[in-house]
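# Coordinate analysis (summary)
Here are the chains, one letter per residue:
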Amino acid sequence: MLPIHFAPLQGHTDDVYRRTHHALIGGIERYYTPFVRVEAGGIRSKDRRDVDPKNNAGTPVTPQLIFSSCKELDYLLGEMESLGYTTIDLNMGCPFPLQARHGRGSGLLAHTDVVSEVAAIIKAHAHLTFSVKMRLGWDNAEEWKPVLDILNDTPLAHIALHPRTGTQQYKGAIDMKAFEAFYEACRHPLIYNGDLTTPAQMHEMEERYPRLGGLMLGRGLLARPTLASEYAQEQELSHTEQLRTLRTLHGKLMEQYAQIVKGDAQLHSKMRPFWEYTETLIGHKPYKKIMKAGNLRNYMNAIEELR
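Residues numbered from 1 in each chain as written. Predicted model: local features only at pLDDT ≥ 70, side-chain atom pairs only at ≥ 80, totals over all residues. Heavy atoms only, no water.

### Some remarks on the sheet that holds strand β1 (residues 4–6)
The line we're drawing: Only strands joined by at least two bridges in the DSSP assignment are considered to pair. Here a helix means four or more residues in a row that DSSP labels H or I, a strand means two or more in a row labelled E, and each is numbered from the N terminus. Two residues qualify as a contact provided that any one of their heavy atoms is within 4.5 Å of a heavy atom in the partner residue. Only C-alpha atoms enter the line fits that serve as axes; for helices the fit covers just the stretch in contact. Angles between N-to-C directions range over 0 to 180 degrees.
Spatial strand order, β5-β2-β1-β11-β10-β9-β8-β7-β6: 9 strands in an open sheet with parallel pairing. Two strands bound the open sheet, and with one partner strand each, they are β5 (61–62) and β6 (64–65). Relative to the sheet, helix α7 (residues 176–185) contacts β8 (129–137), β9 (158–165), β10 (190–193) and β11 (212–217), its axis offset from that of β10 by approximately 170°.

What follows is the structure in structure tokens.
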């Protein structure tokens, strides 16, 4: 059975979600924070709250850092160390143009000079444990090759690979041929990330690639929060049980967010993204009704109708 890592998704997997999922459902080896970045010379207050150890107590969490230069990375590492973190994940995979076009995330993969400097920083911080999340490239599915040459000689706990380019974002087919080439060339434990939505698919990856170091789930876990625990326990839940757990998770999240945000409109706005990936599980009509609800009362009525 492979360890399961919960990929971060901006606007979804904040500290409240991570804590609640871990306590209620589990099945996750490690959670990762949505990327922390430098903005206006510092870290945004919402990101500071998200990585605050007090808000992550009891949850196996690693902060993920995104950067375009070693100056930014040095600053972020200092901030994480001051909070007591000893494991760090480096984002070289974010596909969003706003970040990538500034040389962050997957946009970094074309700049092997910066990657080499990052490798030197990792080696200089031997007291920390690093991992990297990456894609095949920004707009070229072979950009990973010189990057992996550098990373293979860099001390890393693992590399998580999503086998698409950044420009694909989440569209188009996964490039399994490129993944297999990466798998053969990678000298670190390799974690597969991308389009896993059922326990059967996860078992297939485990059998097909026996040297895998783990699996990383993101959208698949938001769509089916019990996915990792079902895989770990080797027992698939019925649709009714999946839906019941989904509603329980939503209810517990709502209780906590109600203590943070003010007013029904803000609470409705905060909770609505919870359902973004759940259409396959809850059905098209209920999904549309929830997403089109114009206020909190109608929203809750739509959820009450879920069966």
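### A few points about the pattern of salt bridges
Stated formally: The working definition used for a salt bridge is a side-chain nitrogen of Lys or Arg within 4 Å of a carboxyl oxygen of Asp or Glu. The classification of residues rests on relative accessible area computed with a 1.4 Å probe and restricted to protein chains. Under 20% of the type maximum is buried, over 50% is exposed, and intermediate values are partly exposed.
A full pass over the atoms with the stated rule returns 19 salt bridges. In this structure, the salt-bridge partner of Glu79 is Arg48, at a minimum N-O distance of 2.8 Å. With Glu79 in helix α3 (residues 70–82) and Arg48 in helix α2 (residues 45–51), this pair connects stretches of sequence that are 31 residues apart. Arg48 gets classed as partly exposed once you look at its relative accessible area, which sits at 36%.

### Comments concerning the packing of aromatic side chains
How two aromatic rings sit relative to each other is given by the distance of their centres and the angle of their planes. Stated formally: Each aromatic pair joins two rings of Phe, Tyr and Trp (for Trp, the six-membered one) with centres within 6.5 Å, and gets the label stacked for planes under 30 degrees apart, edge-to-face for over 60, and tilted for any other angle. A ring is considered to have a charge above it if a Lys NZ or an Arg CZ atom is located within 6 Å of its centre and within 35 degrees of its normal.
Per the counting criterion, the structure on display carries 8 aromatic pairs. Centre to centre, the rings of Phe6 and Tyr17 are 6.0 Å apart; their planes meet at 85°, and the pair counts as edge-to-face. Remark: Tyr17 occurs in helix α1 (residues 15–24) and Phe6 occurs in strand β1; sequence separation between them is 11 residues. Of the two residues, Phe6 and Tyr17, neither departs from the other in class, the shared state being buried. Ring pairing ties together the aromatic residues Phe179, Tyr183, Tyr192 and Tyr209, which thus form one cluster. Taking NZ or CZ as reference, Arg211 lies 4.2 Å from the ring centre of Tyr183, over its face.

### A few points about the pairing of β10
Basically, it comes down to this: The path from the first strand over the helix to the second decides the hand: if it runs clockwise while the strands point away from the viewer, the crossover is right-handed.
Going residue by residue along β10, you find Leu190 and Tyr192 tucked away on one face and Ile191 and Asn193 tucked away on the opposite face as well. Bridging between β9 and β10 involves 3 bridges; their strand directions are parallel. Within the sheet, the bridge partner assigned to Ile159 lies in β10 and is Leu190. Handedness of the β-α-β unit built from β9, α7 and β10 comes out right-handed. Pairing of β10 with β11 involves 4 bridges; the strand directions are parallel. Residue pairing across strands places Tyr192 opposite Leu215, the latter belonging to β11.

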